[in-house]
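So the chains spell out like this:
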Amino acid sequence: MLIALGASALAAPLASFAQQQGKVWRIGFFYLGSREMALDRLRIFLEGMRELGYVEHKNFVVELRFADGKYERLPGISAELVGMKVDVIVANGSAMYRLLQQATSTIPVVITTSADPVREGFAASLARPGGNFTGLSTGNAEVAPKYIELLKIAVPKIARVGVLMNRTNAGYPGQLKIVRAAAEKAGITVIAVGAHTPDEIERGLKKLAQDRAEGVIVLADTFFAQQTRQIAALALRHRLPTIVSTREEAAAGGFMSYGGDTLEFFRRAATYVDKILKGAKPGELPIELPTKFALVINRRTAKAIGLAVPQELLLRADEVIE
């Protein structure tokens, strides 16, 4: 079910605007996953807006849409947000970015997660995106070789690594190419499976186990984030150590994670909205990369799959979940 709602009112001093006193801005906010996750990300975004002096319902309102991970809903949501002529859209998910790119060249779009917005065609460059898109990149495409390095430390004799990817994600061919190149240098064979439904995830991980994968890289994707517990449970069943991109996924049962703080990206998105509402052109706002990548080890999961975590990995970890 698609819904529109304003989030809870925020109490904060109103920042003075020189340029459009009294205007109530309309911000479209889209999240690919569930209502619960959408509201959680919206809460963080609204905290960012409050820190910048905005007061919801006084000088801005939010039009929230989410898709519960159902890709067939995206065209309708994209058309609806564009048709409402909102002032700016904060969006999540490569498939949605593509639809918005096709639907409007005038409404500013702030992307919240993209492994490589240049390769995916959403920006001419990180420094100067051009067009109506700007926002934040996870930088996961460039750190993909790190996944191979970390799995090699965790499983020193690893010879076959699986890659679980959402085949609807436009950025994955480039990421997979980078992973394959890094794996080849390490003498590791890559087995890739695509999935964009829960059933396909189940079949994909079963296939990786049957193909004797000794570790699995779960490429960052909003749909996979929604299916975190399913992926963790299946990996445990098949005794597959996984490396994921966010702490949330590691805490939910992934073996280890390496990546930036994607929740914080939604707070940072507010700074882009602020600049755009004050007159900045999105195409002239540089796309932001994470400043820190954290390594999280879930020792509970390691014990459950019978994997002894090497001391070298524990020493490198920013956090160990016991």
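To be clear, the structure that these remarks concern was listed above.
In what follows, the accompanying structure is described. (Residues numbered from 1 in each chain as written. Predicted model: local features only at pLDDT ≥ 70, side-chain atom pairs only at ≥ 80, totals over all residues. Heavy atoms only, no water.)

### What to know about the sheet that holds strand 9 (residues 242-244)
Inference 1: Overall, mixed pairing links the seven strands, which are arranged 7-6-8-9-10-11-12 in an open sheet. Sheet topology places strand 7 (189-194) and strand 12 (319-321) at the edges, where each strand pairs with a single neighbour. Shown here is a sheet whose adjacent strand axes are inclined to one another by a mean of 20 degrees, direction ignored.
Inference 2: The pairing of strand 8 (residues 216-218) with strand 9 spans two bridges and is parallel. When the sheet's bridge partners are listed, Val216 is paired in strand 9 with Thr242.
Inference 3: Helix 4 (residues 140-154) contacts strand 6 (160-165), strand 8, strand 9, strand 10 (256-259) and strand 11 (294-298) of the sheet and is inclined by roughly 155 degrees relative to strand 10. (Pairing = 2+ DSSP bridges. Helix = DSSP H or I, 4+ residues; strand = E, 2+ residues; numbered from the N terminus. Axes fitted to C-alpha atoms, helices over the stretch in contact; angles between N-to-C directions. Contact = heavy atoms within 4.5 Å.)

### Some details on the packing of helix 2 (residues 74-83) against helix 3 (residues 94-103)
Inference 1: At a minimum axis distance of 9 Å, the contact between helix 2 and helix 3 shows a crossing angle of 45 degrees. On the basis of the axis angle, helix 2 is oblique to helix 3. Along this stretch, helix 2 crosses helix 3, giving a crossing that reads as right-handed. Contact with helix 2, carried on its side by Leu74, Pro75, Ile77, Ser78, Leu81 and Val82, involves Ala95, Met96, Leu99, Leu100 and Ala103 of helix 3 and no other residues of that element.
Inference 2: Classifying every residue of the contact of helix 2 with helix 3 by side-chain character gives 10 nonpolar, one polar and no charged. (Parallel < 35°, antiparallel > 145°, perpendicular 65-115°, else oblique. Left-handed = near helix turned anticlockwise from the far one by under 90°. Nonpolar A, V, L, I, M, F, W, Y, C, P; charged D, E, K, R; others polar.)

### Remarks on the sheet that holds strand 4 (residues 109-111)
Inference 1: Taken in spatial order, the five strands of this open sheet run 2-1-3-4-5, and their pairing is parallel. Sheet topology places strand 2 (60-66) and strand 5 (133-135) at the edges, where each strand pairs with a single neighbour. Adjacent strand axes in the sheet meet at a mean angle of 25 degrees when their direction is disregarded.
Inference 2: Against the sheet, helix 10 (residues 262-277) engages strand 1 (25-31), strand 3 (88-91), strand 4 and strand 5, with an angle of about 165 degrees to strand 3.

### A short note on helix 6 (residues 198-210)
Inference 1: For helix 6, which comprises 13 residues, the first-to-last C-alpha distance of 19 Å matches the rise-based estimate of 18 Å (1.5 Å per residue) to within 8%.
Inference 2: Regarding helix 6, the residues found buried are Glu200, Ile201, Gly204, Leu205 and Leu208. Projected down its long axis, helix 6 carries its buried residues within an arc of 130 degrees, all on one side. Among the exposed residues of helix 6, those pointing more than 90 degrees away from its buried face are Asp199, Arg203 and Gln210.
Inference 3: The elements touched by buried residues of helix 6 are strand 6, strand 7, strand 8, helix 7 (222-226) and helix 8 (228-237).
Inference 4: At the C-terminal side of helix 6, Arg212 shows a positive phi close to 65 degrees. (Expected span 1.5 Å × (residues − 1). Buried < 20%, exposed > 50% of the residue type's maximum accessible area, 1.4 Å probe, protein only. Arc of directions from axis to C-beta.)

### Some thoughts on the side chain of Asn166
Inference 1: When you line up the elements, Asn166 lands in the loop between strand 6 and helix 5 (172-185).
Inference 2: In this structure Asn166 comes out as buried when scored by relative accessible area, which is 0%.
Inference 3: At 2.5 Å, the side chain of Asn166 forms a polar contact with the side chain of Tyr71.
Inference 4: Only 3.0 Å separates the side chain of Asn166 from the side chain of Asp221, close enough to count as a polar contact.
Inference 5: Ignoring any residue separated from it by four or fewer positions in sequence, one finds Asn166 in contact with Tyr71, Tyr172, Ala195, His196, Asp221, Phe223 and Phe224. (Polar contact = N/O pair within 3.5 Å; in protein donor to acceptor, adjacent residues only side chain to side chain.)

### A closer look at the environment of Ala124
Inference 1: Relative to the helices and strands, Ala124 is located in the loop between strand 4 and strand 5.
Inference 2: By relative accessible area, which is 63% here, Ala124 ends up exposed.
Inference 3: C-alpha separation for the pair Ala124 and Gly283, spaced 159 residues apart in sequence, amounts to 8.9 Å.
Inference 4: When sequence neighbours within four positions are dropped, the list of residues in contact with Ala124 reads Val118 and Pro129.

### Notes on the pairing of strand 1
Inference 1: With respect to burial, strand 1 is a largely interior element, six of its seven residues being buried.
Inference 2: Both strand 1 and strand 2 contribute to a ladder of seven bridges, which runs parallel. Residue pairing for strand 2: Gly28 is matched across the bridge by Glu63.
Inference 3: Taken together, strand 1, helix 1 (residues 35-51) and strand 2 constitute a β-α-β crossover, and its handedness is right-handed.
Inference 4: When strand 1 meets strand 3, the two strands line up parallel, connected through three bridges. Bridge assignment links Gly28 to a residue of strand 3, and that residue is Ile89. (Right-handed = clockwise from strand over helix to strand, strands pointing away.)

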